[in-house]
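# Structural overview for review
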Amino acid sequence: MASDRTPHSFPTFESAEDERRHRKQRLAAAFRLFGQFGFDEGVAGHITARDPERLDHFWVNPFGMNFKQIRVQDLLLVNHEGEVVEGNWPVNRAAFVIHSQVHAARPDVIAAAHAHSVYGKTWSSLRRPLDPLTQDACAFYGDHAVFDDFTGVVLDLEEGKRIAHALAGNKAAILANHGLLTVGQSVDEAAWWFITMERTCQAQLLAEAAGTPVLIDPEQAELTAAQVGHRSSGWYSFQPLYDWITAQQPDLLEE
Ligand SMILES: [Zn+2]
């Protein structure tokens, strides 16, 4: 029997409206997946997607809505002053403060993800970058930063600026004593980097608890980084998760 499924290909859009719908669908799906993986912690955590037309506006989750229940129609559009211009829920102040500054500092960043996932926040307390211990870990080799300055809940725009400065041109930052932050040129990519970075933290914690892990040598780590750490690899790795979550929970696409 022939399959009705076709291989994934990178999307192109006829209009900004199509592109916006696509980004919002990916964003709602990313929240469902983060919920499925247990990355939520009370009301903490946010993923943003830049609007394709209003480039200083972004789409984000409603403050206090469970990741596992977010639908496309629930997403908020927030402007560069932190005002909700579409949607009728409040926005998380920390989401605005961190993400607005990351989106402003990095015009290439379409999406950014942050959550207080267990292995990410545990690793962040060590205030060390991740080592190239596994093939998957190489996605972050030479491509993540440590923001080692914890001063409480991020509510001040200046701190958002300092986080964006620490992130610099990297795909991810470890926020000390707090959690992980990842970015990408698509929602798919940012969400995938978060998922695999969380597991990379878990793998390193396990390896160091069990013994003295042997690092991949720099030359091989660099080669592997170019393979698994490329943005197209990040985008592609998200596709089977998107297919699965939209098949399991089609209500997430409700507009
Ligand atoms: Zn946080």
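Below: a short report on this structure.

Cut-offs and rules
Residues numbered from 1 in each chain as written. Predicted model: local features only at pLDDT ≥ 70, side-chain atom pairs only at ≥ 80, totals over all residues. Heavy atoms only, no water. Core = buried A, V, L, I, M, F, W, Y, C linked by side-chain atoms within 4.5 Å. Buried < 20%, exposed > 50% of the residue type's maximum accessible area, 1.4 Å probe, protein only. Helix = DSSP H or I, 4+ residues; strand = E, 2+ residues; numbered from the N terminus. Contact = heavy atoms within 4.5 Å. Donors = N, O, S within 2.8 Å, 3.2 Å for Na, K, Ca; no water. Disulfide = S-S within 2.5 Å. Lys, Arg positive; Asp, Glu negative; His and termini not counted. Salt bridge = Lys/Arg side-chain N within 4 Å of Asp/Glu carboxyl O. Polar contact = N/O pair within 3.5 Å; in protein donor to acceptor, adjacent residues only side chain to side chain. Expected span 1.5 Å × (residues − 1). 1 Å grid on protein atoms, 1.4 Å probe; cavity = no way out; pocket = protein on both sides within 12 Å on 5 of 7 lines; lining within 4 Å. Points joined across faces, edges and corners; volume = space filled by probe spheres on them. Nonpolar A, V, L, I, M, F, W, Y, C, P; charged D, E, K, R; others polar. Phe/Tyr/Trp six-rings, centres within 6.5 Å; stacked < 30°, edge-to-face > 60°. Lys NZ or Arg CZ within 6 Å of the ring centre and 35° of its normal.

## Considerations on the nonpolar core
- Counting 41 residues, the largest nonpolar core has Leu 27, Phe 31, Phe 34, Ile 47, Phe 194, Met 197 and Phe 238 as its most contacted members.
- Sorting the residues of this core by element identifies helix 1 (16–36), strand 1 (46–50), strand 5 (111–115), strand 7 (172–175), helix 5 (187–210) and helix 7 (231–248) as the ones contributing at least two each.
- It is helix 5 that provides the largest number of residues to this core, a total of nine residues.
- Once residues within four sequence positions are removed from consideration, Met 197 is found in contact with Leu 130, Phe 140, His 144, Ala 172, Ile 174, Leu 180 and Thr 182.
- Residues Val 60, Val 78, Phe 96 and Val 154 belong to the second largest nonpolar core, which totals 21 residues.

## Notes on the coordination of the zinc ion
- Within the first shell, the zinc ion binds the protein through His 114 (NE2), His 116 (NE2) and His 178 (NE2), at distances of 2.0 to 2.1 Å.
- Along the chain, the residues that donate to the zinc ion are spaced as H-x1-H-x61-H. Highlighted residues: His 114 in strand 5 and His 178 in the loop between strand 7 and strand 8 (179–184), separated in sequence by 64 residues.
- The exposure class of His 114 is buried, given its relative accessible area of 1%.

## Some points on the state of the cysteines
- Summed over all chains, the structure comprises zero disulfides.
- Free of any disulfide, Cys 138 has its nearest cysteine sulfur in Cys 201, 14 Å distant.
- With a relative accessible area of 0%, Cys 201 lands in the buried category.

## Digging into the side chain of Arg 50
- Following the sequence through the fold, Arg 50 ends up in strand 1.
- In this structure Arg 50 is buried but unpaired, with Asp 108 as the nearest side chain of opposite charge at 6.5 Å.
- In terms of polar contacts, Arg 50 uses its side chain to reach the backbone carbonyl oxygen of His 103, at 2.7 Å.
- Those residues in contact with Arg 50 that lie beyond four places of it in its chain are Arg 23, Leu 55, His 57, Phe 58, His 103, Arg 106, Pro 107, Val 109 and Ile 110.

## Focus: helix 1
- Across its 21 residues, helix 1 extends 30 Å between first and last C-alpha, which sits within 8% of the 30 Å expected from 1.5 Å per residue.
- Most of helix 1 sits out of view: 15 of its 21 residues are buried.
- Where helix 1 ends, the next residue or the one after it, Gly 38, has phi of about 80 degrees, a positive value.

## Notes on empty space enclosed by the protein
- Following the criterion strictly, the structure yields three cavities of 30 Å³ or more and no others.
- A volume near 50 Å³ is recorded for the largest cavity.
- If you go around the largest cavity, the residues you meet are Phe 147, Asp 149, Phe 150, Thr 151, Gly 152, Val 154, Glu 159, Leu 175, Ala 176 and His 178.
- Taken together, the residues that form the lining of the largest cavity break down as five nonpolar, three polar and two charged.

## Quick notes on the pattern of salt bridges
- Using the criterion set out here, one finds 18 salt bridges in the structure.
- The shortest N-O distance in the salt bridge between Glu 208 and Arg 128 comes to 3.0 Å. Note that Glu 208 is positioned in helix 5 and Arg 128 in the loop between helix 3 (118–124) and strand 6 (144–147), a separation of 80 residues in sequence.
- When its relative accessible area of 29% is taken as the criterion, Glu 208 is described as partly exposed.
- In the salt-bridge network here, residues are joined through shared partners; they are Asp 18, Arg 21 and Glu 255.

## Let's talk about the packing of aromatic side chains
- Summed over the entire model, instances satisfying the criterion amount to nine aromatic pairs.
- Ring centres of Phe 31 and Phe 67 lie 5.2 Å apart, and the angle between their planes is 55 degrees; this geometry places the pair in the tilted category. Here Phe 31 is found in helix 1, whereas its partner Phe 67 is found in the loop between strand 2 (58–60) and strand 3 (76–78), with 36 residues between them in sequence. Here Phe 31 matches Phe 67 in class, with each residue buried.
- Aromatic side chains Trp 235 and Tyr 236 sit 6.1 Å apart centroid to centroid with 50 degrees between the ring planes, which places their arrangement in the tilted category.
- The partly exposed category is assigned to Tyr 236, whose relative accessible area is 45%.
- Joined through ring pairs, the aromatic side chains of Phe 34, Phe 37, Phe 39 and Phe 194 make up one cluster.
- Its end group placed over the ring of Tyr 242, Arg 26 keeps NZ or CZ at 3.6 Å from the ring centre.
- Between Arg 199 and the ring centre of Phe 37, over which it is positioned, the NZ or CZ distance is 5.2 Å.

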